[in-house]
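Notes for the structure review
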Amino acid sequence: MHKAITAFKRETGLDLRVRQSGIVPFRGDGADAILELAKRGTKFQAVIKQRAATLNVGALLHQLSLTAEPDERLLIADYINPPLSARLKDANVQFIDAAGNAFICRPPLYINIKGNRNSDEWKPERQTLGAAFKATGLKVIFALIDDPELINAPYRRMANIAQVALGNIGWIIRDLTTLGFVEEGLNTKLKKIVRQDVLLKRWTEEYPMKLRPKLILGRYTTENPDWYADIDPVDYGAQWGGELAANKLTHYLTPKMYVVYMEREKLNDFLQSAKLKKMNTTDIDKTEILVIEKFWKDSEKHVGKITVPPALIYADLVETGDTRNLEAAERILEQYLN
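Attention here is on the structure that accompanies the text.

What counts and what doesn't
- Residues numbered from 1 in each chain as written.
- Predicted model: local features only at pLDDT ≥ 70, side-chain atom pairs only at ≥ 80, totals over all residues.
- Heavy atoms only, no water.
- Buried < 20%, exposed > 50% of the residue type's maximum accessible area, 1.4 Å probe, protein only.
- Helix = DSSP H or I, 4+ residues; strand = E, 2+ residues; numbered from the N terminus.
- Pairing = 2+ DSSP bridges.
- Phe/Tyr/Trp six-rings, centres within 6.5 Å; stacked < 30°, edge-to-face > 60°.
- Contact = heavy atoms within 4.5 Å.
- Axes fitted to C-alpha atoms, helices over the stretch in contact; angles between N-to-C directions.

Topic: helix 6 (residues 166-178)
All of the buried residues along helix 6 are Ile169, Gly170, Ile172, Ile173, Asp175 and Leu176. Count one or two residues on from helix 6 and you reach glycine 180, which has phi positive near 85 degrees.

A word on the pairing of strand 14 (residues 288-293)
By the criterion of burial, strand 14 is predominantly enclosed, with 5 of the 6 residues buried. Pairing geometry for strand 10 (residues 216-221) and strand 14, over 4 bridges, is antiparallel. In the strand pairing of strand 14, isoleucine 216 is matched with isoleucine 292. Bridge count between strand 12 (residues 257-262) and strand 14: 6 bridges; the pairing is parallel. Pairing of tyrosine 261 across the sheet is with isoleucine 292, part of strand 14.

Re the packing of aromatic side chains
Summed over the entire model, instances satisfying the criterion amount to 17 aromatic pairs. Considering the side-chain rings of tryptophan 227 and phenylalanine 270, the 6.4 Å spacing of their centres and the 85 degrees angle between planes classify their relative orientation as edge-to-face. In this pair, tryptophan 227 is assigned in the loop between strand 10 and strand 11 (238-241) and phenylalanine 270 in helix 10 (residues 267-274), connecting sequence segments 43 residues apart. Residue tryptophan 227 is classed as buried on the basis of its relative accessible area of 3%. Here phenylalanine 270 falls in the buried class, since its relative accessible area comes to 0%. Centre to centre, the rings of phenylalanine 295 and tryptophan 296 are 4.9 Å apart; their planes meet at 70 degrees, and the pair counts as edge-to-face.

Comments concerning the sheet that holds strand 10
As summarised here, the arrangement of the 5 strands in space is 11-12-14-10-13, forming an open sheet in which the pairing is mixed. Single-partner strands in this sheet number two, and they are strand 11 and strand 13 (277-278). Across the sheet, helix 9 (residues 242-250) touches strand 11 and strand 12, and the angle it forms with strand 11 is around 85 degrees.

A few points about the environment of glutamate 149
The residue glutamate 149 is located in the loop between helix 4 (135-146) and helix 5 (155-162) in this model. A residue is classified by how much of its surface remains accessible, and glutamate 149, at 61% relative accessible area, is exposed. A sequence separation of 44 residues divides glutamate 149 from isoleucine 193, and the C-alpha atoms of the two residues are 8.1 Å apart.

Here we look at the environment of phenylalanine 270
The spatial distance from the C-alpha of phenylalanine 270 to the C-alpha of alanine 238 is 8.8 Å, given a sequence separation of 32 residues. Filtering out sequence-adjacent residues up to four positions away, phenylalanine 270 remains in contact with Trp227, Ile231, Tyr236, Trp240, Val260, Met262 and Leu276.

Here's what the structure looks like:
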């Protein structure tokens, strides 16, 4: 943080001072520090991120939206590369980095500094997420988020729901215990999932980067805007995800981009029935349907449902970084995940 502040002063001549550090509550999340521009009294609630350029941008924008009112939010990072800078500016997110890049829009103050390269002086420590946050572990974590009581089920049942090899379960649970997400009760045979909000947040950040890319079956399009109206996804071992699923649950979001989770072996039948065709580079303005292989086995409460579990809908929405999707994600969080 201090190197970014020093770089900001070097580039602008403005003195940005730390007024408070530590978690500052706001809605469901918190800032890492409160900063103030000397002699101006302009305050910012700052979120500090290392390896910012490698983060899930949608999840980052979502966290910032929970940190402060829009004109008070400030992202402090080691380095914000040009693509991330463009995304942040489009979302009107203010930032400074240790290389001296900055974007501040607090009328009458406007600062836009770009082009400074990554500083070799600030090399953040590699963040250790734990082996549980690799692809296989993310499947198990998803099952536990959806059903926290599963933590006390036999490992064989847990492996069946998560669709992973039985031998993986023990080390994933040990890793989650080490990371502070699983605790043992007075009876050591009884465990419980703790810090569920943090676990969901971490899973939401990692899923689109570590697991989902391995599961994409294809991107498709259609000329029919109501292509899904007469389709029962259950007939194809499928469930709606993303914006369509959010619409089904909250009746708040009109879908523009579609996500379908389904069994790989039924893909061709589904495509023929829905009259979908492979999407190519010339279809950029057309309806997009992203088809992803289903990576879990439904528990009893989800059998026969046309939408994926709420945690997955939430992650799909957050990953987009789209403002309307983030609002819908908050509704899913409040109504189904709290």
